[in-house]
Amino acid sequence: MDFLSNNLLTILILLPVVGAVLTLAHQAFWKQESQLKWVTLGFTALNFVVSLALFSKSAVAGASGFFFEKNVPWINAIGTNYHVGVDGLSFWLVILTTFIMPIAVLSTWHAVEKKATAFYVFLLLLESAMIGVFVSLDLLVFYLFFEASLIPMFFLIGVWGGENRIYAAVKFFIFTALGSLLMLVAIIGLYFIYADQTGLGGSFDFVAILNAMKAGNLILPAQTGMLLFAAFAIAFAIKVPLFPFHTWLPDAHTEAPTAGSVILAAVLLKMGTYGLMRFNFALFPDQSRETAWIFITLAIIGIIYGALVAMVQPDVKRLVAYSSVAHMGFVILGMFSFTEMGMQGAVYQMLNHGVSTGALFLLVGFIYERRHTRQIKDFGGLANVMPIYATVFIFTVLSSVGLPFLNGFVGEFLIMVGMFQSQVLSVTSTVNWNYVATMIAGTGVIFAAVYLLWMVQRVFFGKVTSEKNRSLADLNWREIGLLAPLLFLMIYMGVFPKPFLARTASVVKGLQERVMHQAGGTIEKTELKPVSADAEHK
């Protein structure tokens, strides 16, 4: 057990890589592609089971506040450590990643026919990179995992995507790669600033840099801090994506294979919001507070714009893609409210979006496999032919809309109340702009009901409008089985959110206090000692 506790996060990162290697070996020696999906499913399921060890009650946080921490030297010449750990912010995102991957694999059971070996290898490598992003506590290691996640998704879209897959893959790559390069420049800048101000040599260690800032030994000039903040923020805003950096998302979602769309919606987009909370809020609290009005404005624009554009989409999958722009806008709104309730709601909504929108993309993929079209006009009356499919689809839509007692309601309610209580926007004798922002964003909930329920009406109700739809098969047991956990979570998270919110509460409160300067008092400069790279959590 000590070995598992000390190396749990490393095991979670490496298990998919081992699976990818064995997948290649299996194909090289046995050349039976039909069995590759079983190998991939086995390793993704095993990784999920191993990740449940994160729930261990015997786990104790280290001095840095992270659990299952491991910090060992990697590249001594530049002061880079292999430093990983989880806290309340990253905990559920790691669980979400390992949970969604077996479902994504099952969704491709009969869908991938060409180059199956490469497809499953890329899925496994993508899982490894995504987990690495959420547990990395060294900025350079974080950047490497952040970039590594880009490559498998690029190929998943570009090789196994739809008709315009090359255009969508290249656009996705250019947007995210350019943002990542900006972040790399900022990381290198922090490295040299840390070396110059502390006299301890350069370090990419997030915990060491943060401790130096809290101790007053690392003070960023206002202009320098804003430039570094902007570089990180743009990289993460592209990943979210936040308006106006969103244009790559609808194309990527529309052209990606079903598994790619599910992973993109459920996990990859959360890397952007996670990065903003982990690094921007912690390292640049003043800049985060000063620019909150910009992010709130862009979030509201994204909520309204995403909803209105979704309303006129003729393609069901593209409609769901634009709904992601709107839903992620709510996440940004809650984050930058800088209230404990709003930020808790933002983290919760990240998980909600992964469950509900991931399920919607699965359902769209199922109907596409049967009908080979996603055009709303090609359907109509499907509830008469596929009653189980229609029931599950409508239930998932209600979850996405935010129906009370389903998961979406809890997240959106916390965000709206948190924004209403916020003090980040100006308050005059006549106007409280926090109230105004909340009310405008609230219209996005109404628009979401309009575009989703209107789509449901056209696709499922009325008479069967096409003879080709009369012979469509309803959901089979495999499809019901992989949707069942998602449907369960939609109900459980809507009825009993306490277990989820309790794990994120302390981290969210700490970030909120840091940004809003509620920790109290000024910090005197203290003696700074280098963080030992050999210290491991036991």
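Every value quoted in this text rests on a predicted model; they were computed, and no experiment measured them.

## Remarks on the environment of Gly342
Thought 1: With respect to the helices and strands, the residue Gly342 is situated in helix H16 (residues 340-371).
Thought 2: When residues no more than four places from it in sequence are discounted, the contact partners of Gly342 are Gly334, Met335, Ser337, Leu414, Ile415 and Gly418.

## Comments concerning the domain arrangement of the chain
Thought 1: Partitioning the chain into domains gives domain 1 (1-286) and domain 2 (291-538).
Thought 2: Carbon and sulfur atoms make up 71% of the surface buried where domain 1 meets domain 2, a total of about 5,900 Å² over both sides.
Thought 3: A per-residue breakdown of the area domain 1 buries against domain 2 is headed by Trp92, Phe243 and Phe281, which together make up 12% of the total.
Thought 4: Asp251 is the salt-bridge partner of Arg318, the closest N and O atoms lying 3.3 Å from each other.
Thought 5: At 11 residues, the largest contribution of residues to the side of domain 1 that touches domain 2 is made by helix H3 (residues 88-107).
Thought 6: Here the side of domain 1 that touches domain 2 is composed, by residue class, of 45 nonpolar, 16 polar and seven charged.

## Brief notes about a nonpolar patch on the surface
Thought 1: Residues Ile166, Val170, Phe173, Ile174, Leu178 and Leu181 make up a contiguous nonpolar surface patch of roughly 530 Å² in combined accessible area.
Thought 2: With respect to the element layout, Phe173 can be found in helix H7 (residues 165-198).

## Focus: the nonpolar core
Thought 1: Within the largest apolar cluster, 197 residues are counted, with the highest numbers of intra-cluster contacts made by Leu54, Phe206, Met335, Phe336, Phe393, Leu483 and Leu486.
Thought 2: Shared between two domains, this core takes at least three residues from each, and those domains are domain 1 (1-286) and domain 2 (291-538).
Thought 3: Apart from the residues within four sequence positions on either side, Phe206 is in contact with Phe66, Leu137, Asp138, Leu139, Arg278, Phe279, Ala282 and Leu283.

## Re the environment of Val94
Thought 1: Mapped onto the elements of the fold, Val94 is located in helix H3.
Thought 2: For the pair formed by Val94 and Ile209, sequence separation is 115 residues and the distance between their alpha carbons is 24 Å.

## Considering unusual backbone geometry
Thought 1: The omega torsion of the bond from Val240 to Pro241 falls at -10°, within 30 degrees of zero and hence cis.
Thought 2: Phi angles above zero are rare outside glycine, and His372 is one such case at about 55°.
Thought 3: One can find His372 in the loop between H16 and helix H17 (382-385).
Thought 4: For His372, a relative accessible area of 59% puts it in the exposed group.

## Observations regarding the packing of H7 against helix H8 (residues 206-215)
Thought 1: Running from amino to carboxyl end, H7 crosses H8 at an angle of 50°, the nearest separation of the two axes being 11 Å. Taken together, the axes of H7 and H8 are oblique relative to one another. Where H7 crosses over H8, the handedness of that crossing is left-handed. Seen from H7, the contacting residues are Leu190, Tyr194 and Thr198; seen from H8, they are Ala208, Ile209, Ala212 and Met213.
Thought 2: Class assignment for the residues of the contact of H7 with H8 results in six nonpolar, one polar and no charged.

## As for the pattern of salt bridges
Thought 1: What the rule picks out here adds up to 11 salt bridges.
Thought 2: For Arg470, the salt bridge identified is with Glu467, shortest N-O distance 3.1 Å.
Thought 3: Here Arg470 falls in the partly exposed class, since its relative accessible area comes to 47%.
Thought 4: For Arg478, the salt bridge goes to Glu479, with nearest N and O atoms at 3.8 Å.
Thought 5: Note on Arg478: relative accessible area 18%, which makes it buried.

## Describing the side chain of His327
Thought 1: Here His327 lies in helix H15 (residues 316-335).
Thought 2: Other than its neighbours up to four places away in sequence, His327 contacts His353, Thr357, Ser400, Glu412 and Tyr451.

## Comments concerning the packing of aromatic side chains
Thought 1: For the structure on display, the rule yields 41 aromatic pairs.
Thought 2: Seen in terms of ring centroids, Phe146 and Phe236 are 5.9 Å apart; in terms of plane orientation they differ by 80°. Their pairing is edge-to-face. With a gap of 90 residues between them, Phe146 in helix H5 (residues 139-148) and Phe236 in helix H9 (residues 222-239) connect regions that are remote in the sequence.
Thought 3: Members of the aromatic cluster, connected to one another through ring pairs, are Phe142, Phe146, Phe206, Phe229, Phe232, Phe236, Phe279, Phe281, Phe284, Phe295, Phe336 and Phe338.
Thought 4: In this structure, Lys239 packs its charged tip against the face of Phe146, placed 4.9 Å from the ring centre.

## Remarks on helix H2 (residues 36-51)
Thought 1: Compared with the 22 Å implied by 1.5 Å per residue over 16 residues, the 23 Å span of H2 between its first and last C-alpha is a close match.
Thought 2: Inspection of H2 places Leu36, Lys37, Val39, Thr40, Leu41, Phe43, Thr44, Asn47, Val50 and Ser51 among the buried residues, and these make up the whole buried set.

## Examining the side chain of Asn47
Thought 1: The topology assignment puts Asn47 in helix H2.
Thought 2: On the basis of relative accessible area, Asn47 is assigned to the buried category, the value being 0%.

## Some words on helix H14 (residues 292-311)
Thought 1: Here H14 spans 28 Å end to end across 20 residues, near enough to the 28 Å set by a 1.5 Å rise per residue.
Thought 2: Summarising burial for H14: 14 of the 20 residues are buried, a large majority.

## A look at the pairing of strand S2 (residues 80-86)
Thought 1: With seven of seven residues buried, S2 is to be regarded as a mostly interior element.
Thought 2: Neither face of S2 is left uncovered, since the one carrying Thr80, Tyr82, Val84 and Val86 and the one carrying Asn81, His83 and Gly85 both have all their residues buried.
Thought 3: Of the strand pairs in this sheet, strand S1 (residues 67-75) and S2 are connected by six bridges, and their pairing is antiparallel. Each bridged residue has a counterpart across the sheet, and for Phe67 the counterpart in S2 is Val86.
Thought 4: The loop that links S1 with its antiparallel partner S2 comprises four residues; one of these, Gly79, has a positive phi angle of about 70°.

The rules behind each value
Residues numbered from 1 in each chain as written. Predicted model: local features only at pLDDT ≥ 70, side-chain atom pairs only at ≥ 80, totals over all residues. Heavy atoms only, no water. Helix = DSSP H or I, 4+ residues; strand = E, 2+ residues; numbered from the N terminus. Contact = heavy atoms within 4.5 Å. Domains from an automatic or database assignment. Buried area = accessible area lost by both parts, 1.4 Å probe. Salt bridge = Lys/Arg side-chain N within 4 Å of Asp/Glu carboxyl O. Nonpolar A, V, L, I, M, F, W, Y, C, P; charged D, E, K, R; others polar. Patch = residues over 30% accessible without salt bridge, like charges linked within 9 Å, V, L, I, M, F, W, Y side chains within 5 Å. Areas by Shrake-Rupley, 256 points an atom, 1.4 Å probe, with all protein chains shown as cover. Core = buried A, V, L, I, M, F, W, Y, C linked by side-chain atoms within 4.5 Å. Buried < 20%, exposed > 50% of the residue type's maximum accessible area, 1.4 Å probe, protein only. Axes fitted to C-alpha atoms, helices over the stretch in contact; angles between N-to-C directions. Parallel < 35°, antiparallel > 145°, perpendicular 65-115°, else oblique. Left-handed = near helix turned anticlockwise from the far one by under 90°. Phe/Tyr/Trp six-rings, centres within 6.5 Å; stacked < 30°, edge-to-face > 60°. Lys NZ or Arg CZ within 6 Å of the ring centre and 35° of its normal. Expected span 1.5 Å × (residues − 1). Pairing = 2+ DSSP bridges.

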